Amino acid sequence: MSKYVAAIDQGTTSTRCIIFDRQGNIISVGQKEHQQIYPQPGWVEHNPDEIWKNTLEVIAGARINGSIAASDIAAVGITNQRETTAVWNRRTGKPYYNALVWQDTRTGDLVNQFAREGGQDRFRAQTGLPLATYFSGLKLKWLLDNVPGLREDAEKGEALFGTMDTFLIWHLTGGIHGGTHVTDVTNASRTQLMNLQTLAWDPEMLAAFEIPRLMLPLIKSSSEVYGSVVLDVLPNVPIAGDLGDQHAALVGQTCFEPGQAKNTYGTGCFMLLNTGTEMKVSTQGLLTTVAYKFGNDPVNYALEGSVAISGALVQWLRDNLGMIEKSSDVETLAKSVEDNGGAYFVPAFSGLYAPYWKADARGVIAGLTRYVTKAHIARAVLEATAYQTLDVMKAMEKDADIQLKSLRVDGGMVANETLMQFQADMLDVPVVCPAVTETTALGAAYAAGLAVGYWKNFDDLRLNWGIAHTWDPKMGSTQRNKLHKGWLKAVERSFGWED
Ligand SMILES: Nc1ncnc2c1ncn2[C@@H]1O[C@H](COP(=O)(O)OP(=O)(O)O)[C@@H](O)[C@H]1O
Ligand SMILES: O=P(O)(O)OC[C@H](O)CO
């Protein structure tokens with residue numbers, strides 16, 4: 001019997017391969033960052049070939065150059081940054097263009113054009129999503145309209161579209177020699193091209209965005225065998241799990257009950273609430289999305305509050321301003337003062353996502369006086385993530401008519417104790433961090449392991465979840481409300497900046 005399950009986590013900043021044992025312990029990790037390409041303000045691209053090369057390297061790295069035998073790996077699951085849109089040629093494997101990253105805002109004009117007739121929510125009933133620069137459908141339309149020859153090739157079935165899961169599975173299963181062209185329901189639910197009820201490509205959406213059907217992958221469940229790896233890096237290992245990274249984190253956190261929620265703090269931060277088999281269309285600026293679908297089991301839906309910039313703001317402080325040397329330094333600086341000194345930082349770098357969906361918003365720092373120091377700014381940077389999460393939680397509670405009792409958290413920023421305490425204070429509920437914080441990769445491993453019988457059922461997985469740390473709220477309501485009011489004022493100042 002195989003000892004392990006592997007997961008490939010193709011994220012916004014890096015690609016990781018993690019090998020887990022049956023208890024969900026991490027056995028080994030391979031990781032490599034890729035280049036962020038910013039050709040113009042608001043444009044963000046990745047080179048798909050670089051990501052593919054890195055994927056091979058990180059798998060080899062996680063196998064510790066062969067010391068973990070492929071036969072010891074029962075299955076591999078894929079999880080990925082969502083919405084990021086790649087197009088490549090079926091016969092040569094060559095990308096037609098760099099992948100357009102989820103944060104890219106170049107489809108702003110298309111969003112306005114479509115919203116002019118019927119408003120921002122005109123496709124919400126069938127796709128769960130508002131019109132926004134975030135989702136893949138309009139990114140694909142932009143590529144088809146702007147890359148010479150692409151539309152012709154797509155209509156002939158020569159050009160393929162995929163989110164990063166699709167791109168990697170196609171390569172791992174043989175690429176130009178007959179690779180499998182598939183995606184899963186969670187990734188497909190972020191394209192704005194899939195109907196959330198039928199779980200199939202929606203003819204109305206394809207017609208509206210002028211997307212040739214032949215270039216789209218087959219939509220599968222999140223947990224089944226899609227094919228096997230044909231390459232020496234992981235020979236004959238079945239690829240048996242595929243989930244967008246935030247959906248994978250929900251699974252990794254074992255949020256299988258309706259009413260359970262998790263928030264993942266990475267480049268952006270994404271809160272998902274499991275709403276069960278019932279699809280709820282949001283009236284509060286949240287997204288309706290597929291939570292997961294295991295094989296032939298019924299689909300589960302989720303409400304999602306997507307925040308584009310959280311850890312990315314810390315990176316910006318480090319890389320663009322040089323104010324800190326490494327991400328963790330933001331905590332030392334922030335802790336050196338008692339509060340934000342009246343300063344608020346609204347990181348609307350890609351517009352504002354949930355619950356506002358303002359493509360014309362841009363970043364602002366508000367409340368500046370001569371009193372404010374860089375330590376206050378560092379504090380405002382961390383607080384921005386907590387306020388954005390509070391806005392999302394309030395929307396979620398209204399939409400789902402529930403009151404959250406606690407929030408499960410994960411992602412790179414949970415290392416920041418100051419942020420986690422402030423988050424608990426702002427939400428006024430305990431914030432709970434599990435022992436394995438690599439929940440995204442773990443969720444993909446769970447999906448793959450369940451498909452091949454490595455784990456039997458959800459109970460097996462629930463047994464693996466344990467608490468490492470809980471932050472309890474300590475702040476009084478007067479202080480909390482005062483801070484939140486300041487934040488909301490600053491948010492308003494960010495609106496309407498882009499013409
Ligand atoms: N101690 C810390 N304090 C604040 N932010 C941090 C800290 N450690 C990491 N981060 C931020 O977390 C993000 C990385 O988290 P990760 O979950 O790996 O992101 P992703 O999956 O989006 O690539 C980066 O944006 C980084 O700036
Ligand atoms: O790669 P991450 O962790 O930044 O996640 C990106 C999200 O999937 C975007 O929707």
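Quantities reported herein were computed from a predicted structural model and do not represent experimental measurements.

### What about the site of ligand 1?
Part 1: Inspection of the region around ligand 1 gives 15 residues, with Thr 13, Thr 267, Ser 327, Gly 412 and Asn 416 positioned closest.
Part 2: One of the side-chain nitrogen or oxygen atoms of Asn 416 is found 3.0 Å away from a nitrogen atom of ligand 1.

### Description of the site of ligand 2
Part 1: The immediate surroundings of ligand 2 are formed by Gly 11, Thr 12, Gln 81, Arg 82, Glu 83, Trp 102, Tyr 134, Asp 245, Gln 246, Thr 267 and Phe 270.
Part 2: Contacts to ligand 2 include Arg 82, whose side-chain N or O atom sits 3.0 Å from an oxygen atom.
Part 3: One of the side-chain N or O atoms of Glu 83 is found 2.6 Å from an oxygen atom in ligand 2.
Part 4: A class-by-class count of the residues in the shell around ligand 2 yields 3 nonpolar, 5 polar and 3 charged.

### Topic: the UniProt feature "domain: Carbohydrate kinase FGGY N-terminal" (unreviewed entry) in the protein
Part 1: According to UniProt, the feature "domain: Carbohydrate kinase FGGY N-terminal" (unreviewed entry) maps to residues 4-252 in the numbering used here.
Part 2: Secondary structure within residues 4-252 divides into 29% helix and 24% strand; the distance between the first and last C-alpha atoms comes to 16 Å.

### Digging into the environment of Ile 219
Part 1: Relative to the assigned elements, Ile 219 resides in strand S10 (residues 218-220).
Part 2: The spatial distance from the C-alpha of Ile 219 to the C-alpha of Thr 186 is 9.4 Å, given a sequence separation of 33 residues.
Part 3: The residues touching Ile 219, leaving out its near neighbours within four places in the chain, are Thr 183, Asp 184, Val 185, Ala 188, Met 194, Leu 199, Ala 200 and Trp 201.

### Examining the sheet that holds strand S14 (residues 269-276)
Part 1: Taken together, 7 strands build an open sheet; the order of strands is S15-S16-S14-S13-S19-S20-S21 and the sheet is mixed. With one partner strand each, in any of the chains shown, strand S15 (287-292) and strand S21 (467-471) form the two edges of the open sheet. With direction set aside, neighbouring strand axes in the sheet form an average angle of 30 degrees.
Part 2: Sheet analysis places strand S13 (residues 261-265) next to strand S19 (residues 407-410), joined by 3 bridges and oriented parallel. For Asn 263, the partnering residue across the bridge sits in S19 and is Val 409.

### Some points on the environment of Asp 9
Part 1: With respect to the helices and strands, Asp 9 occurs in strand S1 (residues 4-10).
Part 2: Asp 9 sits in the buried class, given a relative accessible area of 5%.
Part 3: Distance in space between the C-alpha atoms of Asp 9 and Gln 197 is 28 Å, their sequence separation being 188 residues.
Part 4: Each residue touching Asp 9, except ones within four places of it in the same chain, is listed here: Ser 14, Thr 15, Arg 16, Thr 79, Thr 440 and Ala 441.

### Section: helix H14 (residues 439-451)
Part 1: Over its 13 residues, H14 extends 18 Å from the first C-alpha to the last, a length consistent with the 18 Å expected when each residue adds 1.5 Å.
Part 2: Every buried residue of H14 is listed here: Thr 439, Thr 440, Ala 441, Leu 442, Gly 443, Ala 444, Ala 445, Tyr 446, Ala 447, Ala 448, Gly 449 and Leu 450.

### Considering the packing of helix H1 (residues 48-62) against helix H6 (residues 164-172)
Part 1: At a minimum axis distance of 11 Å, the contact between H1 and H6 shows a crossing angle of 65 degrees. Like other packed secondary-structure pairs, H1 and H6 cross with a definite hand, here right-handed. Judged by residue contacts, Pro 48, Ile 51, Trp 52, Thr 55 and Ile 59 of H1 engage Met 164, Phe 167, Leu 168, His 171 and Leu 172 from H6.
Part 2: Of the residues in the contact of H1 with H6, the class split is 8 nonpolar, 2 polar and no charged.

### Brief notes about the packing of aromatic side chains
Where two aromatic rings form a pair, the distance of their centres and the angle of their planes describe that pair.
Part 1: Counted according to the given criterion, the structure contains 28 aromatic pairs.
Part 2: Summarising the aromatic geometry, the rings of Tyr 134 and Phe 135 are spaced 4.7 Å apart at their centres and angled 35 degrees between planes, so their arrangement reads as tilted.
Part 3: The structure contains a cluster of three or more aromatic residues connected by ring pairs, namely Trp 102, Tyr 134, Phe 135, Phe 270, Tyr 353 and Trp 357.
Part 4: Positioned above the aromatic ring of Tyr 454, the side-chain terminus of Arg 22 is 4.0 Å from the ring centre.
Part 5: We note Arg 106 situated over the ring of Trp 142; from NZ or CZ to the ring centre the distance is 4.6 Å.

### What about the UniProt feature "binding site: glycerol" (unreviewed entry) in the protein?
Part 1: Within the UniProt annotation, "binding site: glycerol" (unreviewed entry) is assigned to Arg 82, Glu 83, Tyr 134, Asp 245 and Gln 246.
Part 2: With respect to the helices and strands, the residue Arg 82 is situated in the loop between strand S5 (73-80) and strand S6 (86-89).
Part 3: Owing to a relative accessible area of 3%, Arg 82 belongs among the buried residues under this scheme.
Part 4: Once you skip the residues sitting within four places of it in the chain, Arg 82 turns out to touch Trp 102, Tyr 134, Asn 187, Arg 190, Gly 244, Asp 245, Gln 246, His 247, Phe 270 and Glu 304.
Part 5: With respect to the helices and strands, Glu 83 occurs in the loop between S5 and S6.

### Brief notes about helix H10 (residues 311-319)
Part 1: When H10 is considered as a whole, its buried residues turn out to be Gly 311, Ala 312, Leu 313, Val 314 and Leu 317.
Part 2: Next to the buried residues of H10 lie helix H11 (329-335), strand S17 (344-346) and helix H12 (374-400).

### Focus on the side chain of Thr 183
Part 1: Mapping Thr 183 onto the fold places it in strand S9 (residues 182-184).
Part 2: With residues near it in sequence (within four places) discarded, Thr 183 still touches Thr 163, Asp 165, Thr 166, Ala 188, Trp 201, Pro 217, Leu 218, Ile 219, Lys 220 and Asp 242.

### Re the sheet that holds strand S2 (residues 14-20)
Part 1: Here 6 strands make up an open sheet; going across it, the order is S3-S2-S1-S5-S12-S11 and the pairing mixed. Sheet topology places strand S3 (26-33) and strand S11 (223-228) at the edges, where each strand pairs with a single neighbour. If you compare each strand with its neighbour and ignore which way they point, the axes differ by 25 degrees on average.
Part 2: In this sheet, strand S12 (residues 238-244) lies alongside S5 in parallel orientation, the contact comprising 5 bridges. Bridging from a neighbouring strand, Gly 77 pairs with Gly 241 of S12.
Part 3: Against the sheet, H1 touches S1, S2 and S3, its axis set at about 155 degrees to S3.
Part 4: Each of S5 and S12 is contacted by helix H9 (residues 245-252), which is oriented at about 105 degrees to S12, the strand it contacts most.

What counts and what doesn't
- Residues numbered from 1 in each chain as written.
- Chains lettered and ligands numbered in written order.
- Predicted model: local features only at pLDDT ≥ 70, side-chain atom pairs only at ≥ 80, totals over all residues.
- Heavy atoms only, no water.
- Near = heavy atom within 4 Å.
- Polar contact = N/O pair within 3.5 Å; in protein donor to acceptor, adjacent residues only side chain to side chain.
- Nonpolar A, V, L, I, M, F, W, Y, C, P; charged D, E, K, R; others polar.
- UniProt positions renumbered as here; feature names shortened; annotations may be inferred.
- Helix = DSSP H or I, 4+ residues; strand = E, 2+ residues; numbered from the N terminus.
- Contact = heavy atoms within 4.5 Å.
- Pairing = 2+ DSSP bridges.
- Axes fitted to C-alpha atoms, helices over the stretch in contact; angles between N-to-C directions.
- Buried < 20%, exposed > 50% of the residue type's maximum accessible area, 1.4 Å probe, protein only.
- Expected span 1.5 Å × (residues − 1).
- Left-handed = near helix turned anticlockwise from the far one by under 90°.
- Phe/Tyr/Trp six-rings, centres within 6.5 Å; stacked < 30°, edge-to-face > 60°.
- Lys NZ or Arg CZ within 6 Å of the ring centre and 35° of its normal.

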